[in-house]
Amino acid sequence: MIIGGFGVAIHMMALSITDRLVPVFPSIHDVVLERLPRLDLFFIGELFFAAFLICFAVMYFRERPRDLPYLLVMLGIFYAARGVFLLLLPIGAPLDAPALADRFVLYPFANHAYFPGGHVGILFLMSRTIQHRLFHPLFITATIVFGIGTMLARAHYTADIIGGLLLAYAVEAWARRHCARMFLAPVGELNAIEH
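Not measured: the values here are computed from a predicted model.

Criteria and cut-off values
- Residues numbered from 1 in each chain as written.
- Predicted model: local features only at pLDDT ≥ 70, side-chain atom pairs only at ≥ 80, totals over all residues.
- Heavy atoms only, no water.
- Salt bridge = Lys/Arg side-chain N within 4 Å of Asp/Glu carboxyl O.
- Buried < 20%, exposed > 50% of the residue type's maximum accessible area, 1.4 Å probe, protein only.
- Helix = DSSP H or I, 4+ residues; strand = E, 2+ residues; numbered from the N terminus.
- Polar contact = N/O pair within 3.5 Å; in protein donor to acceptor, adjacent residues only side chain to side chain.
- Contact = heavy atoms within 4.5 Å.

**Topic: the pattern of salt bridges**
The final tally for this structure, using the stated rule, is four salt bridges. Residue Asp67 pairs with Arg64 through a salt bridge whose shortest N-O separation is 3.1 Å. Residue Arg64 is classed as buried on the basis of its relative accessible area, which comes to 2%. Measuring nitrogen to oxygen at the nearest pair gives 2.8 Å for the salt bridge that ties Asp96 to Arg154. Within this pair, whereas Asp96 is found in the loop between helix H3 (68-88) and helix H4 (118-129), its partner Arg154 is found in the loop between helix H5 (135-152) and helix H6 (158-178), the two being separated by 58 residues in sequence. Each member of the salt-bridge network shares a partner with another, and the members are Arg128, Glu172 and Arg176.

**Comments concerning unusual backbone geometry**
Residue Phe115 is joined to Pro116 through a cis peptide bond whose omega torsion reads -10°. Along the chain, the position of Pro116 falls in the loop between H3 and H4. Phi is positive for Arg154, close to 65°, though the residue is something other than glycine. Classification of Arg154 as buried rests on a relative accessible area of 1%.

**Some words on the side chain of Thr143**
When you line up the elements, Thr143 lands in helix H5. Within polar-contact distance, the side chain of Thr143 engages the backbone oxygen of Phe139 at 2.9 Å. If we ignore the near neighbours within four places in the chain, the residues touching Thr143 are Phe52, Val120, Leu123, Phe124, Ser127 and Leu165.

Written out as structure tokens, the structure reads:
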């Protein structure tokens, strides 16, 4: 739990420092976004994100309640790594993104928190921990749908989505190799994660 909280603290500190030190967050060209329609999905996206978290929590606590420390360690590592990226790569909103005042956004640093995509990354990381044969692919599909929605809403660049997925995958692979034996409850579940 401490590692999870520490990771979130590093993430938020990096965003706060970036917010103070960077006077202008430049937008960059994205050839994929330039060919996609722009849709106002911000409110729907926030609802979708909340619904995903609720469904995940129900499924995770039904399936693996004793492995919560392992999940929190992975989320903490993800957030800490993302904070470093955000500090080193301060970019602005996509070129045709609606003004911040015109969006429904709950995230406090929505004017510059982009690469790698945090929402998509944590959804993917959480999806990877669900082992149920039916629900695992549903959570992965929901994550991809959410990622595409953030691109259509111009909340993220294409690279943000790909970067969030790759960072989440890297964190999960590293944690499986280095932390699973310390944090996962039954040994049988460790074998299930590796397959």
